[in-house]
Amino acid sequence: MSDLELTAEVAWALATGGPWPDPADLDGDARFMALALREGLNGVGLASPNPPVGCVLVRAGLVIGSGVHTRAGDPHGEVMALRDAEARGEDPKGSTAFVTLEPCCHHGRTGPCTLALIQAGVARVVVGVRDPNPRVDGGGLAILRSHGVVVEEGVLGEACARFHAPFFKHIRTGLPWVTLKLALGSDGSLGPAGQTTQVTPPEVQRLAHALRRASEALVVGRHTIEVDDPQLTDRWPAPTAPHRSFARVVMDETGLVPPTARVWAPVAGQPVFRAVTNEPTPLRGVEDLHLPPEGRGCSLRHLLYELAAMGVGRVLVEGGGTLAGGFLSQGLVDEFHRFQSDLPACGPELILPIPTTWCLQASARWSTGRWEVWR
Ligand code: AOF
Ligand code: ZN
């Protein structure tokens, strides 16, 4: 457990699966791996379904190049770092590469990073965690070693595995990573039914927006739209890459949300979708996602596969209570951010169906002006 002030930097770290090791607290290989992780943070929300691998090249204790993978189809983190070294007029020959994930050894949309590192004369490669992609899975390390490159594995391994957990889940199951965010009052309530309630302090709203920026899709239930009339946009103040897409998804199975709702208004780079189970009247500028009905709503697992097919690697679910309950009871939640205020929300207590297969990754609570995180 840690106790943190919620600055923009901390909010971004928490939204990307942190807190992350601080290079200033470390020395040796761990310090440079912490820097590689820091590079990797710049690719979150951009690289999916690929992992946002961070890489730094180091010679004689100095960073001579750094890079991150920010878009599927673009060069990987290692190649970006090699290019950065070249742009700085540095020769990577004899240097050490610190990489958050095992370098790839296959021809995918881009060539193998192992080859790029070998050809550049990199002498040592320090890896955070192995790539479970069956086309790599230890093969990258073996190829490097067979070319005489010294390979170290597992440096800040736990942090790197946590950082790449969304990619690991996607490669193993085909499903995106699901983060649930709920803002509750001190009474464990979301507020009175049908009424807007604001119990979350503004500095905690910062984390809410960091969570949106770290995700490629946001899902909310119909009631949230009817009660709050939100835009559901990503408004995190840092600039982002032009290719970023943030899908806003409203679960409106039978098409009851009126065309005047603010969420339907078009926003560049933030397409809006309506998840439906029948054929409601089409809305201009809104794409319908047709899903099989399930219970009183639609198949949430199916929704996740649809989103994965669009290249979404991280999904944020913001409620309300029924939708959160649906995701939780089906064991579809990987990470839970619980914003617990110290003010009551004055509604019924929300009983969350936490299943036995619960795979809670993080739980955070706002109280007494500090942010606490358990892992
Ligand atoms: C690395 N460095 O920065 C990334 C890696 O289609 P491609 O060529 O982009 O390959 C995608 C796969 O490569 C991906 O599934 C994962 O196994 C690995 N990602 N590897 O060496 C990187 N992003
Ligand atoms: Zn690669």
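How each quantity is defined
Residues numbered from 1 in each chain as written. Chains lettered and ligands numbered in written order. Predicted model: local features only at pLDDT ≥ 70, side-chain atom pairs only at ≥ 80, totals over all residues. Heavy atoms only, no water. Salt bridge = Lys/Arg side-chain N within 4 Å of Asp/Glu carboxyl O. Helix = DSSP H or I, 4+ residues; strand = E, 2+ residues; numbered from the N terminus. Buried < 20%, exposed > 50% of the residue type's maximum accessible area, 1.4 Å probe, protein only. Pairing = 2+ DSSP bridges. Near = heavy atom within 4 Å. Polar contact = N/O pair within 3.5 Å; in protein donor to acceptor, adjacent residues only side chain to side chain. Areas by Shrake-Rupley, 256 points an atom, 1.4 Å probe, with all protein chains shown as cover. Nonpolar A, V, L, I, M, F, W, Y, C, P; charged D, E, K, R; others polar. Domains from an automatic or database assignment. Buried area = accessible area lost by both parts, 1.4 Å probe. Contact = heavy atoms within 4.5 Å. Donors = N, O, S within 2.8 Å, 3.2 Å for Na, K, Ca; no water. Tetrahedral: all angles 85-135°; square planar, octahedral: opposite > 155°, others 65-115°.

Caption draft 1: Up close: the pattern of salt bridges. Under the criterion given, the structure shown has 13 salt bridges. Residue Arg38 is joined to Asp22 by a salt bridge in which the shortest nitrogen-to-oxygen separation is 3.7 Å. Of this pair, Arg38 sits in helix α2 (residues 28-41) while Asp22 sits in the loop between α1 (8-15) and α2, placing them 16 residues apart in sequence. Among the salt bridges present, the one from Glu152 reaches Arg124, with a minimum N-O distance of 2.9 Å. Highlighted residues: Glu152 in strand β6 (residues 150-153) and Arg124 in strand β5 (residues 124-129), separated in sequence by 28 residues. When its relative accessible area of 21% is taken as the criterion, Arg124 is described as partly exposed. Within the structure, one salt-bridge network assembled from shared partners comprises Asp29, Arg124 and Glu152.

Caption draft 2: Looking closely at the pairing of strand β15 (residues 335-340). With five of six residues buried, β15 is to be regarded as a mostly interior element. Note: strand β7 (residues 177-184) against β15, six bridges, orientation parallel. Opposite Leu182, over in β15, you have Arg338 as the bridge partner.

Caption draft 3: The arrangement of the site of ligand 1 in detail. Around ligand 1, the structure places 18 residues, and the nearest of them are His76, Gly77, Glu78, Cys104 and Asp131. In this structure, Asn50 approaches ligand 1 through a side-chain N or O atom, which is 3.0 Å from an oxygen atom. Taking His76, its side chain carries an N or O atom lying 2.7 Å from an oxygen atom of ligand 1. Computed on the free molecule, ligand 1 has an accessible area of 520 Å², of which 96% lies beneath the protein chains in the complex. Looking at side-chain class alone, the shell around ligand 1 contains six nonpolar, eight polar and four charged residues.

Caption draft 4: Spotlight on the domain arrangement of the protein chain. Along its sequence, the protein chain is carved into domain 1 (4-171) and domain 2 (175-374). On a C-alpha basis, the centroid separation for the pair domain 1 and domain 2 is 31 Å. Approximately 2400 Å² of surface area, both sides summed, lies buried where domain 1 meets domain 2, with 61% of it carried by carbon and sulfur atoms. Along the contact surface separating domain 1 from domain 2 lie one salt bridge. The partner of Asp334 in a salt bridge is Lys169, with the nearest N and O atoms 2.8 Å apart. Counting across the domain 1 and domain 2 interface gives six residue pairs in polar contact (both at pLDDT 80 or more). Only α1, α6 (157-163) and α7 (165-173) provide two or more residues apiece to the side of domain 1 that touches domain 2. In terms of residue count, the dominant contributor to the side of domain 1 that touches domain 2 is α1 (five residues). In terms of residue class, the side of domain 1 that touches domain 2 is built from 14 nonpolar, seven polar and four charged.

Caption draft 5: Up close: the side chain of Ser215. In this fold, Ser215 is placed in the loop between α8 (202-213) and β8 (217-221). Not counting chain neighbours up to four residues away, the residues in contact with Ser215 comprise Arg244, Phe246, Arg314, Val315 and Leu316.

Caption draft 6: Highlighting the coordination of the zinc ion (ligand 2). Distances from the zinc ion (ligand 2) to its protein donors, namely His76 (ND1), Cys104 (SG) and Cys113 (SG), fall within the range 2.0 to 2.2 Å. Relative to the metal, the four donor atoms surrounding the zinc ion (ligand 2) lie at angles of 96 to 120°, and the coordination shape comes out tetrahedral. Each donor residue of the zinc ion (ligand 2) lies on one chain, and together they are spaced H-x27-C-x8-C. Of this pair, His76 sits in the loop between β3 (62-68) and α3 (77-87) while Cys113 sits in helix α4 (residues 113-119), placing them 37 residues apart in sequence. Taken as a pair, His76 and Cys113 share a single burial class, namely buried.

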